[in-house]
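Here is how the chains run, residue by residue.
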Amino acid sequence: MIRWRDILARWRPSGPRVPAPPAGAAGQWEERLDAIVCPAPQGQGVAHQVWRVEEWPAGAVGGRLGLAADPLRVGAWPIVRWLWRITPSPMALDGSLARKIRRLELAVAALGASETGPRRDEWAALQGLLALRDALVFRGEQLVQVDALCCITSTPEWIAEDAALIRARLQALGIQVAPLEAEQWPAALRAWGAGPLFEAGETPAWARWLGFGGAPLWAPRVVPADRAAGLVWPGRGQVGDPPDGAVYVGHTPDLQPVCVDFRQAEAGVAANVLAVGASGSGKSFWLKTLVRGLLADGWWVVVLDVDGEYRALCEAEGGAWLDVSGERVGAFPDPLALPAPLGDPDEDARRWDRMMGTAGRLAAVLGGLGLAEQGAVERAVQAAWAARGVTPDDPASWDRAGASPTMAEVWAALDAARGRDPAAAAAADALWRFVHGSGRHLFQGRPTAWHEPPARCAVWHLGGLAQMTPTTAISPEAAGRYALVLDATWEWLRRLRRAGEWTAVVVDEGQRVLPQPVLGEAVAAMATTIRKWNGVLVFATNTPDPLWRTPAGQGLWSVTPIKALLKLEAAQVQGLVQALAVPAPVREALPHLPERTVLARLPGGAWAELRAMVPPEEAALYQTRGQAAAEGG
């Protein structure tokens, strides 16, 4: 039970049930599950019950609206107050709307042949979406969101009986309603037009939690603008998907859609996702459903693809396929490019340091260099930039520069310092193979700066890892490229956060990534800090052992609140049970799960059984494997 004191009640003239309260009387609000009650200093006080509409009639109510008008009886309780707010609708003719319609068609068809038939709410949602689509396509209508609430006011003694009376009248009109429960408090104040309870800029925590100062916690309704303009009952359209911010993750066995808001942290940790399932369990299928849902909700998605499995999805979404597998000359992020300005003075002041750090890390990975040799490399980078009139002490020169130096110029600066600097000589010898020797093809040509993601869906095709066992160490050349990929991804996270955008970094086939000294450690570190940059990490693996046998895996598990477990072999389940806390019903079901069935630990700790339902054409897209390899990269 939630209480707030010293809140002034708004009173209306009443009938004989309630004596008029004294002027300026203050009461004590009490929010129950079924009503809000404010006892009066004298008399019985006042009570509110606020409803949201769950189902509307097929047509307009029109003249019958008087049956639910305010007041029902002059000078007597109950009083009915409706709140209407009209705002632009985010719904548009795009792939997201088409996928919503196809998803509902599948759900309705799946139960159409059963004894009970399809669920009423999903059938109504499908009909509403089809009507809205037709209004957009064939009649060119505009859509708006109508925020409608119904507030019933009576006395604490009579509120239940009066609410039942009004509810019966609404049902006779074809309107189904349900109490808002914890959301009644802000809803009642909105409906009654109560004044501010606190000064601007000093919103207390309880008020923020209840939605004061922001959007309401209930979902609005999407209708054509002509319906809203006439203030008649919305008669068509019902969006079955959740409000903005929630992403579809699957249907429960009774075909109830489940959505998750990945922007919400849990205990200060980002809503990272960990998917674990044996080969063939449907792990990648579920992951691609999630990726497309994130894109439909406006997220930016960066995928680390080890074997080209995401190319078809990337192309279907109009994304950017970035091949850094080593097969293409110059196809890697430029380690010597100065990051573009963000408009943040603190971040922009460190652009030179970030570039130098990237170059130093690359040299260390390629040549196995110590601190002294890394310092020599950074001096060589500085000398190569100085030849272009760019120095670290003159930030104005950073943006006047043309193309950045090449790795060959940096090596030349190291070689020129050979006689006076032993560390430069050692670094030049260690890096010679990657500039002039057998590895020179890796860094020839002009690399791309990639200051910002080239598309909303960007897929880094790493290559190479698909042919390795999980314990095979990658070559220094590949490790160097992957280090550059991670640095570029961090720059994107930094830039997108500055723009107020959210980013998901997706790592599939994580059993090949986690054991690697460069990739594994970097991915685990990203999981712990990505929340700061408006991001989440989505990590999938078919070998769960590294999650409890390696420090990186243990860290990844601990900072990933959303777990998606698919079918595992008996031995894998045994290891999981011994190392990690998993509810008994979950671990007992894991060896017997059907393909594509997910046991998911959702935000808040609840577990649910889910199955992604997508149209057949979308399922075929997700099942495409190794397309890049089949096409020659």
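Residues numbered from 1 in each chain as written. Predicted model: local features only at pLDDT ≥ 70, side-chain atom pairs only at ≥ 80, totals over all residues. Heavy atoms only, no water.

A. View of the overall build of the chain. Helix and strand counts for the chain come out as 23 helices and 19 strands. Looking at the chain as a whole, 52% of its 633 residues qualify as buried. Put simply, of all contacts in the chain between residues at least 6 apart along the chain, 74% involve residues at least 24 apart. Carbon and sulfur atoms form 53% of the exposed surface of the chain, whose accessible area is close to 27400 Å². (Helix = DSSP H or I, 4+ residues; strand = E, 2+ residues; numbered from the N terminus. Buried < 20%, exposed > 50% of the residue type's maximum accessible area, 1.4 Å probe, protein only. Contact = heavy atoms within 4.5 Å. Areas by Shrake-Rupley, 256 points an atom, 1.4 Å probe, with all protein chains shown as cover.)

B. Spotlight on the nonpolar core. Phe-262, Trp-286, Leu-290, Trp-460 and Leu-590 are the most contacted members of the largest nonpolar core, which totals 97 residues. For this core, the element with the highest residue contribution is helix H15 (residues 476-498), accounting for 9 residues. Counting 32 residues, the second-largest nonpolar core is a separate cluster that includes Leu-338, Met-356, Leu-366 and Leu-431. (Core = buried A, V, L, I, M, F, W, Y, C linked by side-chain atoms within 4.5 Å.)

C. Examining the pairing of strand E16 (residues 535-541) more closely. Judged by how many residues are buried, E16 sits mostly within the fold: 7 of 7 residues are covered. Burial of E16 is two-sided: the residues Gly-535, Leu-537, Phe-539 and Thr-541 facing one way and the residues Val-536, Val-538 and Ala-540 facing the other way are all buried. Direction of pairing for strand E11 (residues 273-276) relative to E16: parallel, over a ladder of 4 bridges. Looking at the pairing, Leu-274 lines up with Phe-539 of E16. Relative to E16, strand E15 (residues 503-507) is paired through 5 bridges, and the arrangement is parallel. In the sheet register, Val-506 faces E16, and the bridge partner there is Val-538. (Pairing = 2+ DSSP bridges.)

D. Layout of unusual backbone geometry. Phi angles above zero are rare outside glycine, and Glu-509 is one such case at about 50 degrees. Among the structural elements, Glu-509 can be located in the loop between E15 and helix H16 (510-513). Of note, the phi angle at Asn-534 is positive, near 55 degrees, even though the residue is not glycine. Here Asn-534 is to be found in the loop between helix H17 (519-529) and E16.

E. Focus on the side chain of Lys-563. Relative to the helices and strands, Lys-563 is located in strand E17 (residues 562-565). Taking the relative accessible area as the measure of exposure, Lys-563 reaches 9% and is therefore buried. A polar contact of 3.4 Å, which involves the side chain of Lys-563, links it to the backbone oxygen of Trp-557. Polar contacts involving the side chain of Lys-563 include one to the main-chain carbonyl oxygen of Thr-560, which spans 2.3 Å. When neighbours within four sequence positions are excluded, Lys-563 is seen to be in contact with Leu-274, Trp-557, Leu-599, Ala-600, Arg-601 and Trp-607. (Polar contact = N/O pair within 3.5 Å; in protein donor to acceptor, adjacent residues only side chain to side chain.)

F. Representation of the pairing of strand E18 (residues 597-601) in the model. Taken across its 5 residues, E18 has 5 buried, putting it largely inside the fold. Burial along E18 is two-sided: the face carrying Thr-597, Leu-599 and Arg-601 and the face carrying Val-598 and Ala-600 are both buried. As defined by bridge partners, E17 adjoins E18 across 3 bridges and the pair is classed as antiparallel. Bridging across to E18, Ala-564 finds its partner in Ala-600. In terms of strand pairing, E18 meets strand E19 (residues 607-611) through 5 bridges, oriented antiparallel. Bridged to Leu-599 within E19 is Glu-609. A loop of 5 residues connects E18 with E19, the two strands running antiparallel in sequence, and Gly-604 in this loop sits at a positive phi of about 95 degrees.

G. Geometry of the confidence of the model for the chain. Taken over all residues, the pLDDT of the chain has a mean of 76, while the share at 70 or more is 74%. Taken element by element, the chain is modelled with least confidence in strand E1 (residues 2-8), mean pLDDT 27, and with most confidence in E15, mean pLDDT 95. This stretch, residues 193-200, has a pLDDT under 50; its non-local contacts, to residues over four places away or in other chains, come to 14 contacts. Taken as a whole, residues 231-239 scores under 50 in pLDDT and shows 47 contacts with residues more than four places along the chain or in a different chain. (pLDDT = per-residue confidence, 0-100.)

H. Broad picture of the environment of Val-485. With respect to the helices, strands and loops of the structure, Val-485 is situated in helix H15. With 25 residues separating them along the chain, Val-485 and Trp-460 place their C-alpha atoms 7.5 Å apart. The residues contacting Val-485, other than those within four sequence positions of it, are Leu-304, Val-324, Pro-333 and Trp-460.

I. Representation of the packing of aromatic side chains. Here the structure, examined in full by the defined rule, presents 6 aromatic pairs. Considering the side-chain rings of Trp-450 and Trp-460, the 5.2 Å spacing of their centres and the 90 degrees angle between planes classify their relative orientation as edge-to-face. Taken together, the residues span a long stretch of sequence, with Trp-450 in the loop between helix H14 (422-435) and strand E14 (457-461) and Trp-460 in strand E14 at a distance of 10 residues. One exposure class covers both Trp-450 and Trp-460, and it is buried. Counting every residue linked through ring pairs, the aromatic cluster contains Trp-352, Trp-385 and Trp-398. Across from the ring centre of Trp-533, 5.1 Å away, lies the NZ or CZ of Arg-494, which sits over that ring. The ring centre of Trp-557 lies 4.6 Å from the NZ or CZ of Lys-563, which sits over that ring. (Phe/Tyr/Trp six-rings, centres within 6.5 Å; stacked < 30°, edge-to-face > 60°. Lys NZ or Arg CZ within 6 Å of the ring centre and 35° of its normal.)

J. Representation of the environment of Gly-45 in the model. In this structure, Gly-45 sits in the loop between strand E3 (36-38) and strand E4 (46-55). Residue classification places Gly-45 among the buried residues on the basis of a relative accessible area of 0%. Once the C-alpha coordinates of Gly-45 and Glu-157 are considered, the two residues, 112 residues apart in sequence, prove to be 9.3 Å apart.

K. Up close: the side chain of Thr-358. Positionally, Thr-358 belongs in helix H10 (residues 351-367). Accessibility expressed as a relative area gives 12% for Thr-358, which makes it buried.

L. Representation of the packing of H10 against H14 in the model. Two numbers describe how H10 lies on H14: the axes approach to 9 Å, and their chain directions differ by 85 degrees. When the interaxial angle is binned, H10 and H14 end up roughly perpendicular. Here Ala-363, Leu-366 and Gly-367 of H10 come into contact with H14, specifically with Ala-430, Leu-431 and Phe-434. Considered class by class, the residues forming the contact of H10 with H14 number 5 nonpolar, 1 polar and no charged. (Axes fitted to C-alpha atoms, helices over the stretch in contact; angles between N-to-C directions. Parallel < 35°, antiparallel > 145°, perpendicular 65-115°, else oblique. Nonpolar A, V, L, I, M, F, W, Y, C, P; charged D, E, K, R; others polar.)

M. Highlighting the packing of helix H11 (residues 371-386) against helix H13 (residues 407-416). Two elements in contact, H11 and H13, have axes whose closest approach is 8 Å; the angle formed by their N-to-C orientations is 115 degrees. As far as their axial angle goes, H13 and H11 are roughly perpendicular. For the pair H11 and H13, the crossing hand works out as right-handed. Taken together, the residues of H13 that come into contact with H11 (itself represented by Ala-376, Val-377, Ala-380, Val-381, Ala-383 and Ala-384) are Glu-409, Val-410, Ala-413 and Leu-414. (Left-handed = near helix turned anticlockwise from the far one by under 90°.)

N. Representation of helix H7 (residues 283-296). In a regular helix each residue adds 1.5 Å, so 14 residues correspond to 20 Å; H7 covers 20 Å between its end C-alpha atoms and thus fits that length. Gly-298 sits one or two positions beyond H7 and adopts a positive phi of about 95 degrees. (Expected span 1.5 Å × (residues − 1).)

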